[in-house]
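Residues per chain are reported as follows:
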Amino acid sequence: MNAIDGTDRHIVTEGAPPPSLLAIVLDTNPHAWAELHSTLPLSSALSALLVFINAHLASGNANEIVVIASHTNCAEWLYPSPRGPYPSSPTTEPNGNSSEARHNKDHVPGDPNKFRPFSLLEHSILTSLSRLVSSTTSADLASTPTTSIGGALSLALTYMSKAALLREPVANDAANANPLSALADSESATTTRTTLTSRILILSVSGDLANQYIPVMNCIFAAQRRRIPIDIVKLAGDTVLLQQASDATGGVYVKPERPEGLLQYLMMAFLPDATSRRSLVMPTAGGVDFRAACFCHRNVVDIGYVCSVCLSIFCSPTLQDNLCLTCGSYLSLRSATSKTPQVIPRKKKKKKRLGTDSATPGPSAVGTPMHG
Amino acid sequence: MSGSSSEQAYEYLVLLPRQTHTKLYEQPSTVLAVFRCMLPHLAKTIVMAMLYMPTPFSAVDLEAWFRPEGKSVKDKALSALERLHIIQAKQDATRHMHYELSKGFANSLRQALTGGGTHRSFGVPSSTPDPNKVDTEFLDAYARKQWENILFYMVGSTVGLASSAQLSQDIGLGTKKLLEMGNFVQVRSGRVSITREGFTFVLQETNAQVWSLLIVYLRHTPELGMSETDVLSFLFMLGSLELGQDYTTSTLSETQLQMLEDLSAFGIVYRSSKNAATFYPTRLAVTLTSDAGALSTSDSLSSISASRSSSQQGFIIVETNYRLYAYTNSLLQISILSLFTKLTTRFPNLVSGKLTKESITRAVKLGISSSQILSYLTSHAHPQMQKHQPFLPPTVMDQIRLWEYEGERVETTPGFLMRDFKSWDEYRDLKEYAESLGVLVWHHDEKRWFFVNGVDQLSLYMKKKVTRGGE
């Protein structure tokens, strides 16, 4: 009889896969959507996205969703709706008994043809988005042609870390007694037990994001540290930065050849959660461009000058007063220009890759002072 | 398959014939519930990938989509989908295998996701305001009262707590009869005693209990002159309703109206009177299609809406010295615990006792298995216990099993012996397939014999092989 065996102890607890939290960052940059209008208008992209969200919620009973709009000058919550207080209990429970559901109950008409949580969610996203669009002035549009992806990413990450804390088995007691100790303890707690798997999906249409190199890089490293994959759907434009994000965090990168088939791309490549991905072959960005953006003009550079103290990158050797812009240490780059820099591009690539693959917070530590 | 509670519903559903499946899949709410609760995790991924695919999914592409190490989970997912008649494997003119979603299922699932159509299968809210509207707290209290009465009816008499005062609320003749039909209790000369199946029932989570009872109900629907499909789709609809909302009964069929009466006796729906024009689903109903814990019976006083998942409802602490502390004042919980624990002390909010050899063997003699005890203790483990993995101390788990095995040295598994294979390759191929399905129980390589506890998938596989081999 081999019935008594230490291994079968675990069978009891092995149940459904952990619930997954998906944060969708929707790039709502009007400039880019206007260009895309002929192939995929925002409205059809949005309806594809809503079907995808419903599919995600249906895939697991405790699955949750967060939708954030990354607008031209701000990042805005679309769901959970910002009107209510911070939703301490996630609002996508199938029971629909959360505060959010109650809050919205009066506004959303009961539709017998629609699953209740789905219609609540759709209503919330559409109203928030239309409010966001109508509040956008032409002055906002003129000020910048790009989108605030960095802010949206940090919103998503903060929500995820809060959700993970709330999911801890003793979270209730600990959080009530001393929230700070729970926060301090979070690193060790998440490694021992995964109660929630999170991922971020960025629906990106804007092109050049190099002006946000530092905040986005910081977010990438934070996501990497918390093992949150960042998936990218690149509908238009091309940025070095987002490719690096998906590569560094182990996410999926897809640039659809036919944007009008967005829904099928979403369903096939982006719906599987961390549990399913273990047994699937996922698409990734083929050749990743690892070039960095300089800290002075936010240009993507092939060859740059690096501060020997804080490793900030500059595109030109002419610094004001010969001081590093980031750390303020004396930095004379003129001497470097007299000799041709002996940098082999191949080697530089490899070095960069090392920096992003291992979790050493090198570049992120550099970036932090600038961020504040 | 995704949770223990819906497993029984899955087992029941699988045994239904194809026609019933096709009929069931006409309702979007049913399809959504089947998708959410019955399918293995990867099967959901496959269905979603195929849902908006314009062409059939060829088997070669599907193979390429999975990593080599994911083959066994893929086979399991596909077999579950085929058994539920959700996908069909077909061969086209060029003899290439491909998979197709069944049309009815795909259409209904698309409707459920997009919210189109006029099927009205997600419940029609009552348009006229109810003069005696009830709130969620009332519904929870009502559901808990009804359900605990049923449990108490089963457990109470065996433990000896069934004094007339505690059983004052009657649970209705229909329910009693149902419990008897499901073989959960036996009535001998007017005295109710619980059976082995009854223990299994009581020790489950509430959600699973509800399903077990409903499945007994379903099995007996033909005798009552009700259509099985109607009953099932009504149950799945109930699972997608919203708590605290009143729904009109005017759109329900005759069968469903008849069901409402029985369901309100269980506490699954609430009606203010026998012929009220509206009904309220209770928490027992709305959690039918999710694995969230339905009712916490651990603490009757606390508001159950505060506890989100079953993991936060735990109240039992077991120490390595076999002592057991349970933070509860519910008589029902205490009587369940006393089935297998030697309880010594009772405080206002706590009972303490010890798991002894005597108490466990007594429970085993009554027909409770060690795995039932362990799963009960695990699912009700206190949050403090949940910090460790596994939740219970390993020594205690092993000892409880050992105590049980002292009495039972032989284990039986009903199934089929496969033998007389023509060649080693044939034997190995089939054995490996059985292994990947998880039905292989025993094998003897030299004799080329193996034993499985499920044969329908294997025979399908063999038939397919024969047709392919005959090309």
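If you're wondering where the values come from, they're calculated on a predicted model, not measured in any experiment. (Residues numbered from 1 in each chain as written. Chains lettered and ligands numbered in written order. Predicted model: local features only at pLDDT ≥ 70, side-chain atom pairs only at ≥ 80, totals over all residues. Heavy atoms only, no water.)

Things to note about the overall build of chain A
So, step 1. Within chain A one finds 15 helices and ten strands.
So, step 2. For chain A, the proportion of its 372 residues judged to be buried stands at 52%.
So, step 3. Carbon and sulfur atoms make up 57% of the accessible area of chain A, which totals about 16800 Å². (Helix = DSSP H or I, 4+ residues; strand = E, 2+ residues; numbered from the N terminus. Buried < 20%, exposed > 50% of the residue type's maximum accessible area, 1.4 Å probe, protein only. Areas by Shrake-Rupley, 256 points an atom, 1.4 Å probe, with all protein chains shown as cover.)

Observations regarding the packing of aromatic side chains
All names here are of chain B.
So, step 1. Scanning all chains against the criterion turns up 21 aromatic pairs over all chains.
So, step 2. Ring plane angle 45° and centroid distance 6.5 Å describe the contact between W147 and F201, whose orientation is recorded as tilted. Highlighted residues: W147 in helix 8 (residues 136-159) and F201 in helix 10 (residues 196-203), separated in sequence by 54 residues.
So, step 3. Residue W147 is classed as buried on the basis of its relative accessible area of 1%. (Phe/Tyr/Trp six-rings, centres within 6.5 Å; stacked < 30°, edge-to-face > 60°.)

Side note on the side chain of S108(B)
Residue and element names in this part refer to chain B.
So, step 1. Relative to the helices and strands, S108 is located in helix 7 (residues 103-114).
So, step 2. Looking at S108, the relative accessible area reads 5%, which means it is buried.
So, step 3. Setting aside its immediate chain neighbours within four residues, S108 contacts Y25, E26, Q27, P28 and V31. (Contact = heavy atoms within 4.5 Å.)

Points about a nonpolar patch on the surface
All names here are of chain B.
So, step 1. Together, L417, V441 and W442 line one region of the surface with nonpolar side chains, adding up to about 260 Å² of accessible area.
So, step 2. The topology assignment puts W442 in strand 14 (residues 440-444).
So, step 3. On the basis of relative accessible area, W442 is assigned to the partly exposed category, the value being 40%. (Patch = residues over 30% accessible without salt bridge, like charges linked within 9 Å, V, L, I, M, F, W, Y side chains within 5 Å. Salt bridge = Lys/Arg side-chain N within 4 Å of Asp/Glu carboxyl O.)

Remarks on the environment of H380(B)
Residue and element names in this part refer to chain B.
So, step 1. With respect to the helices, strands and loops of the structure, H380 is situated in the loop between helix 17 (370-379) and helix 18 (394-407).
So, step 2. Considered as a pair, H380 and I317 are 63 residues apart in the sequence and their alpha carbons are 8.9 Å apart.
So, step 3. With residues up to four places along the chain from it excluded, the contact list for H380 reads G314, F315 and I316.

A look at the sheet that holds strand 1 (residues 57-58) of chain B
All names here are of chain B.
So, step 1. The three strands are arranged 1-3-2 in an open sheet whose pairing can be described as antiparallel. Each end of this open sheet is capped by a strand with a single partner; those strands are strand 1 and strand 2 (87-91).
So, step 2. Of the strand pairs in this sheet, strand 1 and strand 3 (residues 97-101) are connected by two bridges, and their pairing is antiparallel. Looking at strand 3, one finds that S58 is bridged to H98.
So, step 3. Its contacts with the sheet put helix 4 (residues 41-51) on strand 1, strand 2 and strand 3, and the angle it makes with strand 3 is roughly 85°. (Pairing = 2+ DSSP bridges. Axes fitted to C-alpha atoms, helices over the stretch in contact; angles between N-to-C directions.)

Some words on unusual backbone geometry
Residue and element names in this part refer to chain A.
So, step 1. The omega torsion across Y79 and P80 is 0°, close enough to zero to call that bond cis.
So, step 2. With respect to the helices, strands and loops of the structure, P80 is situated in the loop between strand 3 (75-79) and helix 3 (99-105).
So, step 3. For R227, which is not a glycine, the phi torsion comes out positive at approximately 55°.
So, step 4. The topology assignment puts R227 in the loop between helix 9 (213-225) and strand 5 (230-234).

Remarks on the packing of helix 11 (residues 206-219) of chain B against helix 12 (residues 228-239) of chain B
Residues and elements named next belong to chain B.
So, step 1. Two elements in contact, helix 11 and helix 12, have axes separated by 11 Å at closest approach and are oriented at 160°. With respect to each other, helix 11 and helix 12 are oriented roughly antiparallel. Classified by chirality, the crossing of helix 12 by helix 11 is right-handed. Counted together, W211, L214, Y217 and L218 of helix 11 and E228, V231, L232, L235 and F236 of helix 12 form the full contact between these two elements.
So, step 2. Tallied by class, the residues present in the contact of helix 11 with helix 12 amount to eight nonpolar, no polar and one charged. (Parallel < 35°, antiparallel > 145°, perpendicular 65-115°, else oblique. Left-handed = near helix turned anticlockwise from the far one by under 90°. Nonpolar A, V, L, I, M, F, W, Y, C, P; charged D, E, K, R; others polar.)

A short note on the sheet that holds strand 3 of chain A
Backbone-to-backbone hydrogen bonds join strands into a sheet, with any given pair of strands oriented parallel or antiparallel.
Residue and element names in this part refer to chain A.
So, step 1. Spatially, the six strands line up as an open sheet ordered 3-2-1-4-5-6, and their pairing is mixed. Each of the sheet's edge strands pairs with one partner strand only, and the pair in question is strand 3 and strand 6 (253-254).
So, step 2. Packing against the sheet, helix 11 (residues 262-270) makes contact with strand 4 (197-204), strand 5 and strand 6, and its axis sits at approximately 160° to strand 5.

Examining the pairing of strand 8 (residues 278-281) of chain B
Residues and elements named next belong to chain B.
So, step 1. Of the two faces of strand 8, both are covered, the one formed by T278 and Y280 as well as the one formed by F279 and P281.
So, step 2. Summarising the sheet, strand 6 (residues 247-248) and strand 8 pair through two bridges and their orientation is antiparallel. Its bridge partner lying in strand 8, Y247 is registered against F279.
So, step 3. Here strand 7 (residues 269-270) runs beside strand 8; their pairing, made up of two bridges, is antiparallel. Residue pairing in the sheet places Y270 in a bridge with Y280 of strand 8.

A word on the confidence of the model for chain B
Residues and elements named next belong to chain B.
So, step 1. Averaged over every residue, the pLDDT of chain B is 80; the share at 70 or more is 89%.
So, step 2. For chain B, strand 5 (residues 191-194) is the element with the lowest average pLDDT, namely 74, and strand 12 (residues 351-354) is the one with the highest, namely 94.
So, step 3. Across residues 293-312, confidence stays below pLDDT 50; counting only partners more than four residues off in sequence or on other chains, it has 50 contacts. (pLDDT = per-residue confidence, 0-100.)

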